[in-house]
Amino acid sequence: MKTYIEPKVLKGFRDFLPPTESVRRSLIENIENTFRSFGFLPIDTPALEYSEILLGKGGGETEKQIYRFKDKGERDVALRFDLTVPFARFVALHRGELTFPFKRYHIGKVWRGENTQRGRYREFTQCDFDIIGCDSPASDFEIILLIHSTFLNLGLDVTIHVNHRGLFNKFLEYIGQSGKSVEVLRTVDKLSKVGKEETLKSLAELTDSATAQKILEFIGLKGSFSEILERLKELSGGLSPEAERLALLKQYMTDATGCPEPFVLAPSITRGLDYYTGVVFETFLTELPDIGSICSGGRYDNLAGLYSKEKDSISGVGTSIGLDRLLAALESLEKLPAVNNHAAAIACIDAEKSGLYQALAKKLRGAGVSCEVFLVPEKQLVKQFVLAEKKGLRFVIIPGENPLISDITLRDLSSRQNTVLSLEDVIKKLK
C-alpha cells in the first residue's frame, strides 16, 4: 500500500488560505449587497448538468473546453462552463413557479479547460445577474446601470463598451455576408487578443480582401457615441430597430447620470458565444484596461426556449463579473477590500475555566462584539499575544479570576498597552 501521497493541486485550480478567502468573501458580500439593492434575488443550480443541456447553445470554443465525462450510471454529464446556460434550463424547468420579469443573481464556481493566465483559471467564480421575461430596452439599461453601480460601490471607475449584434448582422447582410455571420462574429470577438493584422487575415480567408477591409472599417469606427451610431446606420443600410435601441440606451444613461459617460459605443464588441442576439457589452477598468474585460454579457432571445415545449419566447439580458480577474485587478491597484475579522480574542489563563471563558464570549457576542476564545493556556501570555497578531487581531481580553464578574484587562496589541476595564466598558471600546 502506498504510504505517501504527494499533496498537489491540479493546474488551473487553487486552494484559498484564510487571508485570501476572507478578502474574496468580503468582495462577494459587497457585490451581493448591490445586487439585492436593485431587487435581484439569489438562485443556485447544480455544478453537474447533462452534457446536452450545456452544449445546446454554447458554441465557439465551448466544446473544446468543457469538462465532460460518463458518471457511474453511464450518463453523459459535464461541469457547467458558465451560469447562463444552466439558468436557461432553470427557467424552462421552473417557469410556472417564477414571476416575470424575473431578476436573479447567481454567484458560483464554473469550470473550463482553457489555458491559464493572469486572472484566468480553469476553476473560477462568476457573479451573474440577469433579467428574464422582458424585451424592453429598459431591462438592457438596468443591467448596464447595475454594472456601473456595482463597480462604483467597490470604488472603481469603469468604461462600459456596448454594441448590438443585430446591427452587426444587418451590416453583414447589407454586404452579402449573412451566411457567414457566426464565423465572422467569432473572428471579430478575438480582435483584442490576436490584433488587427491577424484579424484581417482571418476575415479575408472567410470572405475576400475587400470584404475583410469593410468589416474592419465597421468594427474600427471612432468618435462620440452619436457619431459612431450614425456611421453604423449608414454602413448597415439605414435606420433600424437595433440602431434605435442603442440610441435609446444612450438617452437613458444621460437621463440617469447626467451624461452618457462611462458609456462607449464599440462596434468591435460582439461576444463569442452563439446565444447572444441583441445588445452586448464589456466592462473595462479605467485604471487598468490591459487586464481585459472584467464584466461582460448581453441579450439572449429565447435561450430558455431550447429546453421548453412552450412556443412563446422568453427573452433575457444579463452579464457576468469574473471574480478572480477582478481580484487580480484590485490587488494590482492596491484596492483590495478591508476584511471585517472578529474584534478580539479571549486569552486562556486556566484550562479548567474554559466554560467560563465561553460564557464571557457569549456575553460579548450578544452585545454585538465578535470574538474567539483561545483554547490552550501558555506559560508565557505573550505567546497568545503573538497568536492574536498572526490572526490579524488588535485586542486580547485577559479575563480576571472570575471571568464573568471580575474586571478585565484589555491588551491593545498595536500600542502594547494594557487597560483594566469593566465588561461594559470593554464592550463600548470594542464596538
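Since the structure is predicted, the reported quantities are computational estimates derived from the model, not experimental observations.

Looking at the sheet that holds strand β4 (residues 76-79)
Pairing between the strands of a sheet is mediated by backbone hydrogen bonds and can be parallel or antiparallel.
Thought 1: With antiparallel pairing, three strands are arranged side by side in an open sheet as β2-β4-β3. Whereas interior strands pair on both sides, the edge strands pair on one side only; in this sheet they are β2 (48-50) and β3 (68-70). Between one strand axis and the next, the sheet turns through 40 degrees on average, direction left out of account.
Thought 2: Of the pairings in the sheet, the one linking β3 to β4 comprises three bridges and is antiparallel in character. By the bridge assignment, Lys70 is partnered in β4 with Asp76.

Description of the pattern of salt bridges
Oppositely charged side chains can form a pair if their charged atoms are brought close together.
Thought 1: Counted under the stated rule, the structure contains 23 salt bridges.
Thought 2: Asp71 is paired through a salt bridge with Arg75; the nearest N and O atoms lie 2.8 Å apart.
Thought 3: With a closest N to O distance of 3.6 Å, Glu123 and Lys109 form a salt bridge. Here Glu123 is found in strand β6 (residues 123-132), whereas its partner Lys109 is found in strand β5 (residues 102-111), with 14 residues between them in sequence.
Thought 4: Lys109 sits in the partly exposed class, given a relative accessible area of 31%.
Thought 5: Salt bridges sharing partners connect three or more residues here, namely Arg14, Glu21, Arg24, Arg25 and Asp324.

Notes on the confidence of the model for the chain
Thought 1: In this model, the chain carries an average pLDDT of 90, and 96% of its residues clear a pLDDT of 70 or more.
Thought 2: Confidence, expressed as mean pLDDT per element, reaches its minimum in the chain at helix α8 (residues 191-194) with 76 and its maximum at strand β1 (residues 41-42) with 98.

Some points on the layout of surface pockets
Thought 1: Within this model, the second largest pocket holds a volume of roughly 200 Å³.
Thought 2: Taken together, Arg14, Phe16, Thr20, Val23, Arg24, Tyr121, Asp324, Leu327, Ala328, Glu331 and Leu336 form the lining of the second largest pocket.
Thought 3: For the lining of the second largest pocket, the elements supplying multiple residues, two or more each, are α1 (18-37) and α13 (323-332).
Thought 4: Examining the composition of the lining of the second largest pocket, we find that four residues originate from one element, α13, more than from any other.
Thought 5: Looking at side-chain class alone, the lining of the second largest pocket contains six nonpolar, one polar and four charged residues.

Section: the packing of helix α9 (residues 196-206) against helix α10 (residues 209-219)
Thought 1: Contact pair α9 / α10: the axes reach a minimum separation of 8 Å and the direction vectors enclose 135 degrees. One finds that α9 runs oblique with respect to α10. Where α9 crosses over α10, the two elements pack in a sense that is right-handed. When α9 is examined against α10, the residues Lys196, Thr199, Leu200, Leu203 and Ala204 are found in contact with a partner set consisting of Ser209, Ala212, Gln213, Ile215 and Leu216.
Thought 2: Split by residue class, the contact of α9 with α10 holds six nonpolar, three polar and one charged.

Quick notes on the packing of helix α7 (residues 181-189) against α9
Thought 1: Direction vectors running N to C along α7 and α9 enclose 170 degrees, while the axes themselves pass 10 Å from each other. For the element pair α7 / α9, the angle class is roughly antiparallel. Seen from α7, the contacting residues are Glu183, Val184, Thr187 and Val188; seen from α9, they are Thr199, Ser202, Leu203 and Leu206.
Thought 2: Each residue belonging to the contact of α7 with α9 can be placed in one class, and the counts come to four nonpolar, three polar and one charged.

Cut-offs applied
Residues numbered from 1 in each chain as written. Predicted model: local features only at pLDDT ≥ 70, side-chain atom pairs only at ≥ 80, totals over all residues. Heavy atoms only, no water. Pairing = 2+ DSSP bridges. Helix = DSSP H or I, 4+ residues; strand = E, 2+ residues; numbered from the N terminus. Axes fitted to C-alpha atoms, helices over the stretch in contact; angles between N-to-C directions. Salt bridge = Lys/Arg side-chain N within 4 Å of Asp/Glu carboxyl O. Buried < 20%, exposed > 50% of the residue type's maximum accessible area, 1.4 Å probe, protein only. pLDDT = per-residue confidence, 0-100. 1 Å grid on protein atoms, 1.4 Å probe; cavity = no way out; pocket = protein on both sides within 12 Å on 5 of 7 lines; lining within 4 Å. Points joined across faces, edges and corners; volume = space filled by probe spheres on them. Nonpolar A, V, L, I, M, F, W, Y, C, P; charged D, E, K, R; others polar. Parallel < 35°, antiparallel > 145°, perpendicular 65-115°, else oblique. Left-handed = near helix turned anticlockwise from the far one by under 90°. Contact = heavy atoms within 4.5 Å.

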